[in-house]
Amino acid sequence: MSTVQRPAADAAVLCVALNPAIDLTIEVAGLRPGEVNRARRAQQDAGGKGINVASCLADYGAGVAVTGQLGRDNPALFAALFAAKGIADRCLYIDGSTRVNAKIVDPAQGQTTDINLPGPAQTRAEIDEQIARLERLIDELAPALRWAVLSGSLPPGWPDDVYATLIRRVHANGGRVVLDTSGRALTAALAAAPEIVKPNRDELAECLGRPLASAADATAAARELLAAHAGMRLVAVSMGREGAVFVTPDAALLAHPLDVEPISSVGAGDAMVAGITAAQLDGLPVDACARLATAFAAAKLTRLGPHLPAPATVRSLAEKVGLTRQG
Ligand SMILES: Nc1ncnc2c1ncn2[C@@H]1O[C@H](COP(=O)(O)OP(=O)(O)OP(=O)(O)O)[C@@H](O)[C@H]1O
Ligand SMILES: [Mg+2]
């Protein structure tokens, strides 16, 4: 594998992965808790939502830099992914290891057990220093930077409004933001009016404090966000196998999912975020954006990791995506 690093200075997109993880998948047939279990196989992958987005965007040919926190003790999987895909590594390396998320897959019982470790324990002073570094990085990349993608949960102890802080910094530098997070981090970030938000249905329901039972409910909820935040121009609400609604101040479309045989549902939403961002880089209108984003998700579903087929294949999938205008 090549170890040539792409320079970050020409990256049009910065993917921010504050809380990445190594995904450890362990296959155990007939898991018995409390006993010694023999695993059939195990696999480790560089993971985390921001990393997945960067990986898909790089596969599509976008110039991508990635930042976030990685542990100095186990960077090899990330370094290999960044080198293989030409992703510029602007991560902040900290003492210790990047956390591991274990997934115990039991094909005999058709069950998957997830054990997610917390991120690093940091003092408030250390966290503030990291945030200041991220802000300086945004300033440094600003000449080429068009979009920042902020994805995923926050490491322990980080302030809920860190995404709002970063969004304001990107805006101050003339860039735009795609946001994909949940819970208090989502609510706090909305105050800084990111241009694009991609919650899934449950995340938006939690944010608004009411269930979203249908595409019509999701569309109404997206319109509420747009009305409440001047500067926001697209809310995409993904609904798993029911597709996703793409709502702008002028249009609302339901993008039907493609009929694919999913190999792994992990990261379909992250691929969708990458597709939305790719569409913005290409200046596509909302209907083409909805098609491309749905094609990214479908293409990713047929692969194990956060990888896409050739861009021409993704574009031809996009042509097959059906759209229904929402009232
Ligand atoms: N079973 C499926 N078949 C076809 N398409 C699917 C399926 N599941 C998801 N998709 C596609 O992927 C898109 C995003 O999926 P989903 O709503 O599950 O994202 P998410 O919950 O944000 O996922 P994650 O955050 O785990 O990546 C959907 O809008 C749809 O287009
Ligand atoms: Mg998601």
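Attention here is on the structure that accompanies the text. None of these values were measured; they are calculated from a predicted model.

### Focus on the site of ligand 1
Of all residues adjacent to ligand 1, which total 20 residues, the nearest are Lys 49, Asn 200, Ser 238, Gly 240 and Gly 269. Between an oxygen atom of ligand 1 and a side-chain N or O atom of Lys 49, the distance comes to 2.8 Å. A distance of 3.3 Å is found between an oxygen atom of ligand 1 and a backbone nitrogen or oxygen belonging to Asp 270. For ligand 1, the accessible surface in isolation is 640 Å², of which the surrounding protein chains cover 83%. Sort the elements by how many residues they give to the shell around ligand 1 and helix 8 (residues 268–281) lands first, with four residues. Its residues placed into classes, the shell around ligand 1 shows nine nonpolar, seven polar and four charged.

### Topic: the nonpolar core
Formed by 54 residues in total, the largest nonpolar core has its most connected members in Cys 15, Leu 57, Phe 82, Phe 246, Ile 276 and Phe 296. In terms of residues, this core owes the most to one element, helix 9 (residues 286–301), which gives nine residues. Listed in part, the 49 residues of the second largest apolar core include Leu 92, Ala 164, Leu 166 and Ala 189.

### Topic: the side chain of Glu 195
Within the secondary structure, Glu 195 is located in the loop between helix 5 (183–190) and strand 11 (196–197). Separated by 2.9 Å, the side chain of Glu 195 and the backbone nitrogen of Val 177 make a polar contact. Discounting residues that sit within four places of it in the chain, Glu 195 has contacts with Trp 147, His 171, Arg 176, Val 177, Gly 231, Met 232, Arg 233 and Leu 234.

### A word on the state of the cysteines
For the structure on display, the rule yields zero disulfides. Free cysteine Cys 91: the closest other cysteine sulfur is in Cys 15, separated by 10 Å.

Conventions used here
- Residues numbered from 1 in each chain as written.
- Chains lettered and ligands numbered in written order.
- Predicted model: local features only at pLDDT ≥ 70, side-chain atom pairs only at ≥ 80, totals over all residues.
- Heavy atoms only, no water.
- Near = heavy atom within 4 Å.
- Polar contact = N/O pair within 3.5 Å; in protein donor to acceptor, adjacent residues only side chain to side chain.
- Areas by Shrake-Rupley, 256 points an atom, 1.4 Å probe, with all protein chains shown as cover.
- Helix = DSSP H or I, 4+ residues; strand = E, 2+ residues; numbered from the N terminus.
- Nonpolar A, V, L, I, M, F, W, Y, C, P; charged D, E, K, R; others polar.
- Core = buried A, V, L, I, M, F, W, Y, C linked by side-chain atoms within 4.5 Å.
- Buried < 20%, exposed > 50% of the residue type's maximum accessible area, 1.4 Å probe, protein only.
- Contact = heavy atoms within 4.5 Å.
- Disulfide = S-S within 2.5 Å.

The values are spatial; any link to function lies outside them.
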